[in-house]
Amino acid sequence: MPELPEVETVARDLQRWVAGATIRRAAVHWDRTIRRPQPPERFVSEIAGAVIRQVSRRAKTVLLHLDDGRVLTVALRMTGALIVADPGTPADPYARVVFELADGRELRYRDVRKFGRIGLWPGGGLRSVGAGRGARSRRVAESGRRYRIGEVFSGHGPEPLQRGFTAERLAERLSRRSAKLKTLLLDQSFIAGVGNIYADEALWHARLHPLRAADTLDARDVRRLHRSIRRVLREGIANRGSSFSDYVGADGQPGANAERLAVYRRTEQPCFRCGRPVRRIVVGQRSTHFCPRCQPEPVGSAAP
Ligand SMILES: [Zn+2]
């Protein structure tokens, strides 16, 4: 499932390749992919002629900002992918929505399992967008105006790569929670964009057990966790994301980060730090990978 680094990779690719492009028309091959407006025929008629101004990301959603202020949101969910296809590329049977661009290329929304959703929103309130260079240009901020696509993101926590996400802010948020660290990192209302892969990786780097209760961390623990979250996400972006099954960038190619992971899906293989076999447990129905020596079990926990 695409997490922050994978979605960011797609957004940056699209910023390079389709910013400035005009959507001549769209074809919807799976109605339920369209979240709004309804019915899908209305989506098709409203998107025709739209010009893509800029592409960015919020949480695990790709945002295509249109010239007229509207915003197209693409939530990739389990198996969604946005792929730019050159003219003459064979049709893709898994393309649920195809945006035909005026220059002859196609922007294809491919989704084998069909969980992803696309919405077209009035926009408003979004500024300082873009997936370009530097943290500042990546920031998605809300102005004083009403945030009309906010419905999509109202429940989301802070963006971990934004400058405002400081160790102090993380400490303050953790101190109010007694949930297990792994559970909390997966909670999109606590922190946006982190999923199973990067949660396990961040906890290994921070030497924190996945079952540690959030409010038991001291200031040094929190600083290590803060640094580790940002590190694994940045490395994931630099390597164009982690591909295990369906994830590809907008070039249709898998990312290179999976082979660089420290613990995720490395059960029984030696820890890169201490050599002990990586263990797998299940936390909240999610596979969780950690090193039993580097990430000591919390005192008094019922950890297996
Ligand atoms: Zn270890």
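Our subject is the structure listed above.
Residues numbered from 1 in each chain as written. Predicted model: local features only at pLDDT ≥ 70, side-chain atom pairs only at ≥ 80, totals over all residues. Heavy atoms only, no water.

Tallied over the entire structure, the rule returns 20 salt bridges. Between R16 and D13 there is a salt bridge; the shortest N-O distance is 3.0 Å. Of this pair, R16 and D13 both sit in helix α1 (residues 4–18), 3 residues apart, which is roughly one turn of the helix. With relative accessibility at 0%, the residue D13 sits in the buried group. Among the salt bridges present, the one from R240 reaches D251, with a minimum N-O distance of 3.3 Å. A residue pair is termed long-range when its members are at least 10 positions apart, and R240 in the loop between α8 (219–238) and β12 (279–283) and D251 in the loop between α8 and β12 qualify at 11 residues. Here the salt bridges share partners, and the residues they tie into one network are E8, R12, R57, R58 and E159. (Salt bridge = Lys/Arg side-chain N within 4 Å of Asp/Glu carboxyl O. Helix = DSSP H or I, 4+ residues; strand = E, 2+ residues; numbered from the N terminus. Buried < 20%, exposed > 50% of the residue type's maximum accessible area, 1.4 Å probe, protein only.)

Taken together, the side chains of M1, M78 and F115 define a hydrophobic patch exposed on the protein surface, amounting to about 280 Å² of accessible area. Residue position: M78 is located in the loop between β5 (71–75) and β6 (80–85). Assessed through its relative accessible area of 35%, M78 is described here as partly exposed. (Patch = residues over 30% accessible without salt bridge, like charges linked within 9 Å, V, L, I, M, F, W, Y side chains within 5 Å. Areas by Shrake-Rupley, 256 points an atom, 1.4 Å probe, with all protein chains shown as cover.)

Ranked by internal contacts, the top residues of the largest apolar core, which has 31 residues, are L14, I47, V62, L82, F99 and I118. When residues of this core are assigned to their parent elements, the largest contribution, 5 residues, is made by α1. Once residues within four sequence positions are removed from consideration, I118 is found in contact with T33, I34, R35, R36, F43, L72, T73, V74, V97, F99 and Y109. Membership of the second largest hydrophobic core comes to 29 residues, among which are F165, L181, L208 and V232. (Core = buried A, V, L, I, M, F, W, Y, C linked by side-chain atoms within 4.5 Å. Contact = heavy atoms within 4.5 Å.)

Before going further, it helps to examine the environment of G155. With respect to the secondary-structure elements, G155 resides in the loop between α4 (150–153) and α5 (167–175). For the pair G155 and F190, spaced 35 residues apart in sequence, the C-alpha separation works out to 9.1 Å. Beyond its immediate chain neighbours, meaning those up to four positions away, G155 contacts Q188 and S189.

Within the secondary structure layout, T73 lies in strand β5. For T73, the side chain forms a polar contact with the side chain of W121, separated by 2.8 Å. (Polar contact = N/O pair within 3.5 Å; in protein donor to acceptor, adjacent residues only side chain to side chain.)

Here we come to the packing of aromatic side chains. One pass over the structure, following the stated rule, counts 2 aromatic pairs. When the ring of F43 is compared with that of F99, the centres are 6.3 Å apart and the planes differ by 65°; the resulting orientation is edge-to-face. Of the two residues, F43 sits in helix α2 (residues 40–47) while F99 sits in strand β7 (residues 95–101), which places them 56 residues apart along the sequence. With relative accessibility at 0%, the residue F99 sits in the buried group. Consider the rings of F244 and Y264, whose centres lie 5.2 Å apart with planes at 65°: the pair is edge-to-face. Residue F244 is found in the loop between α8 and β12, and its partner Y264 is found in the loop between α8 and β12; the two are separated by 20 residues along the sequence. The exposure class of Y264 is buried, given its relative accessible area of 10%. It is R173 that lies over the ring of F190; its NZ or CZ is 5.2 Å from the centre. Lying over the aromatic face of F272, R266 brings its terminal NZ or CZ to 3.9 Å of the ring centre. (Phe/Tyr/Trp six-rings, centres within 6.5 Å; stacked < 30°, edge-to-face > 60°. Lys NZ or Arg CZ within 6 Å of the ring centre and 35° of its normal.)

Pairing is mixed across the open sheet formed by 5 strands, whose spatial order is β2-β9-β5-β4-β3. Edge strands, defined here as strands with exactly one partner in the open sheet, are β2 (34–36) and β3 (52–58). Neighbour to neighbour, the strand axes of the sheet diverge by 20° on average, direction disregarded. Sheet topology places strand β4 (residues 61–66) next to β5; 5 bridges connect them, and they run antiparallel. (Pairing = 2+ DSSP bridges. Axes fitted to C-alpha atoms, helices over the stretch in contact; angles between N-to-C directions.)

The subject of this paragraph is α5. Of all the residues in α5, the buried ones are A167, L170, R173 and L174. Down the axis, α5 shows its buried residues gathered within 125° of arc, on one side only. Turning to α5, the residues buried within the fold contact α6 (181–186) and α8. (Arc of directions from axis to C-beta.)

Let's shift gears to the coordination of the zinc ion. Around the zinc ion, the donor atoms from the protein are C271 (SG), C274 (SG), C291 (SG) and C294 (SG), and they sit 2.2 to 2.4 Å away. Relative to the metal, the 4 donor atoms surrounding the zinc ion lie at angles of 96 to 113°, and the coordination shape comes out tetrahedral. Donor residues for the zinc ion, ordered by position in the chain, follow C-x2-C-x16-C-x2-C. Judged by relative accessible area, C291 falls into the buried class, the value being 0%. (Donors = N, O, S within 2.8 Å, 3.2 Å for Na, K, Ca; no water. Tetrahedral: all angles 85-135°; square planar, octahedral: opposite > 155°, others 65-115°.)

On the basis of which strands lie adjacent, the open sheet formed by 4 strands has the order β1-β7-β8-β6 and antiparallel pairing. Two strands in the sheet have a free side with no partner beyond their single neighbour: β1 (23–28) and β6. Ignoring which end each strand starts from, the neighbouring axes of this sheet average 15° apart. Pairing of β1 with β7, which is carried by 5 bridges, proceeds in the antiparallel orientation. Bridge pairing in β7 links A26 to F99.

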